[in-house]
Amino acid sequence: MFQTRRFSKTFLGFSLLAPFMASVLAGLPVKAAHAQTPTDVTKLDINAEGQVEAPPDRLTATFRAQAQDKNVATAQQAVNAQIHQATEQAAKVNGVTSAVLVYGVSESRPDKNTTLWTARQTLTLAAADGKALLPLAGQLQGNGLILEQLEWSLSRPQRQTLFLQAEKNAIADLKKQAETLAAALGLHVLRFEHVTVSEEDSPRPMPVMLMAARSADGAAAPPSSTAETQTVRASASATVLLAP
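Analysis parameters
Residues numbered from 1 in each chain as written. Predicted model: local features only at pLDDT ≥ 70, side-chain atom pairs only at ≥ 80, totals over all residues. Heavy atoms only, no water. Core = buried A, V, L, I, M, F, W, Y, C linked by side-chain atoms within 4.5 Å. Buried < 20%, exposed > 50% of the residue type's maximum accessible area, 1.4 Å probe, protein only. Helix = DSSP H or I, 4+ residues; strand = E, 2+ residues; numbered from the N terminus. Contact = heavy atoms within 4.5 Å. Pairing = 2+ DSSP bridges. Axes fitted to C-alpha atoms, helices over the stretch in contact; angles between N-to-C directions. pLDDT = per-residue confidence, 0-100. Patch = residues over 30% accessible without salt bridge, like charges linked within 9 Å, V, L, I, M, F, W, Y side chains within 5 Å. Areas by Shrake-Rupley, 256 points an atom, 1.4 Å probe, with all protein chains shown as cover. Salt bridge = Lys/Arg side-chain N within 4 Å of Asp/Glu carboxyl O. Expected span 1.5 Å × (residues − 1). Arc of directions from axis to C-beta. Parallel < 35°, antiparallel > 145°, perpendicular 65-115°, else oblique. Left-handed = near helix turned anticlockwise from the far one by under 90°. Nonpolar A, V, L, I, M, F, W, Y, C, P; charged D, E, K, R; others polar.

Draft legend 1. Quick look at the nonpolar core. Ranked by size, the top nonpolar core spans 24 residues in total, and within it F63, V96, L123, L125, L133, L140 and L145 carry the most contacts. Those elements that provide at least two residues to this core are β2 (58-69), α2 (72-91), β4 (114-127), α3 (130-142) and β5 (146-153). Leave out the neighbours within four places in its chain, and L133 touches L59, T60, A61, V96, L125, A126 and A127.

In structure tokens:
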């Protein structure tokens, strides 16, 4: 009788608590289910590219000043004078920036009894367009400087602006791909799990073919140049989660 009463008491206590515990336990799975990602998820890896085309906004002219003499100091002084005159001319033209670069001296012996020294230095001039730079380039050519190269390129601020737009275009393409492929599979886009964006190789400067030109009076004419459209590209990749 003692054991029977004890068992009855325990069973009675459990009977009273059972409805309460059942309601608590029944509620837990429901809350957990709402917080979890559906188990039947499909992962999709996709890639895309975005691009933007724009005209270059920077024209660079590269010149070489050169002089040769039997006396090395005389050759150097002649080059220094050419560069000094050229930078002074460039400073008077609005929108043109100059940079004096590589300097060098070399020795040559055309015969056993003669030694010649050649001094040379590089000068670059840059501007947003050719309106001011090209006439100046013609003047410097007339003064004896050698125009080695003309090239169009994108300035750093312009390249960064275009790259951001190319990134946006790449992301838009990712979204379009994800939605199209999800619909083809009878699914919908749950979310993007990973997204990576990177810049493609920057557009290289576009060299301009140089041709000797003469005006009607026989003097050297300013060089001409046409800016060609350049393309900035960005690539993107993503892992997309799809669900029914």
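Draft legend 2. Geometry of the environment of A78. Within the secondary structure layout, A78 lies in helix α2. When the C-alpha atoms of A78 and A65 are compared, they prove to be 8.8 Å apart, with 13 residues separating the residues in sequence.

Draft legend 3. Spatial organisation of the sheet that holds strand β1 (residues 42-54). Taking strand neighbours across the sheet as the criterion, the three strands line up as β1-β8-β6 in an open arrangement whose pairing is antiparallel. At either margin of the open sheet sits one strand with a lone partner, and together these are β1 and β6 (188-199). Each neighbouring strand pair of the sheet contributes to a mean axis angle of 25°, computed without reference to strand direction. On top of the sheet, helix α4 (residues 156-184) reaches β1, β6 and β8 (230-243); it is set at about 145° to β1, its chief contact.

Draft legend 4. View of the confidence of the model for the protein chain. Looking at the protein chain as a whole, the pLDDT averages 82, with 76% of positions reaching at least 70. Within the model, pLDDT remains below 50 along residues 1-35, and this stretch shows zero contacts once partners closer than five positions in the same chain are excluded. Throughout residues 211-218 the model reports pLDDT below 50, and contacts reaching past four residues in sequence, or to other chains, amount to seven contacts.

Draft legend 5. Examining the environment of V197 more closely. Tracing the sequence through the fold places V197 in strand β6. Under the relative-accessibility criterion, V197 is labelled partly exposed at 31%. Excluding residues that lie within four positions of it along the chain, V197 makes contacts with E167, I171, S235 and A236.

Draft legend 6. Representation of a nonpolar patch on the surface within the structure. On the surface, a nonpolar cluster with roughly 200 Å² of combined accessible area is contributed by F192, V195 and V197. Tracing the backbone through its elements, the reader meets V195 in strand β6. By relative accessible area, which is 43% here, V195 ends up partly exposed.

Draft legend 7. Representation of the side chain of Q230 in the model. Summarising the element assignment, Q230 is placed in strand β8. When its relative accessible area of 3% is taken as the criterion, Q230 is described as buried.

Draft legend 8. View of α2. Across its 20 residues, α2 extends 29 Å between first and last C-alpha, which sits within 8% of the 28 Å expected from 1.5 Å per residue. Restricting attention to buried positions, one finds in α2 the residues A75, V79, Q82, I83, A86, T87, Q89 and A90. All buried residues of α2 project into a common sector of 160° when viewed along the axis, lining one side. For α2, the exposed residues lying more than 90 degrees away from the buried face are Q77 and A91. Summarising the contacts, the buried residues of α2 are in contact with β2, β3 (97-111), β4 and α3.

Draft legend 9. Quick look at the side chain of T122. Tracing the backbone shows T122 in strand β4. By relative accessible area, which is 18% here, T122 ends up buried. In this structure, T122 is in contact with T62, F63, A99, V100, L101 and V102, ignoring residues within four places of it in sequence.

Draft legend 10. View of the packing of α2 against α3. Look at α2 against α3: their axes get within 11 Å of each other, and the N-to-C directions meet at 160°. Relative to α3, the element α2 lies roughly antiparallel. The handedness of the crossing between α2 and α3 is right-handed. Note on element contacts: α3 touches α2 through L136, Q139 and L140, opposite A86, Q89 and A90. Grouping the constituent residues of the contact of α2 with α3 by class yields four nonpolar, two polar and no charged.

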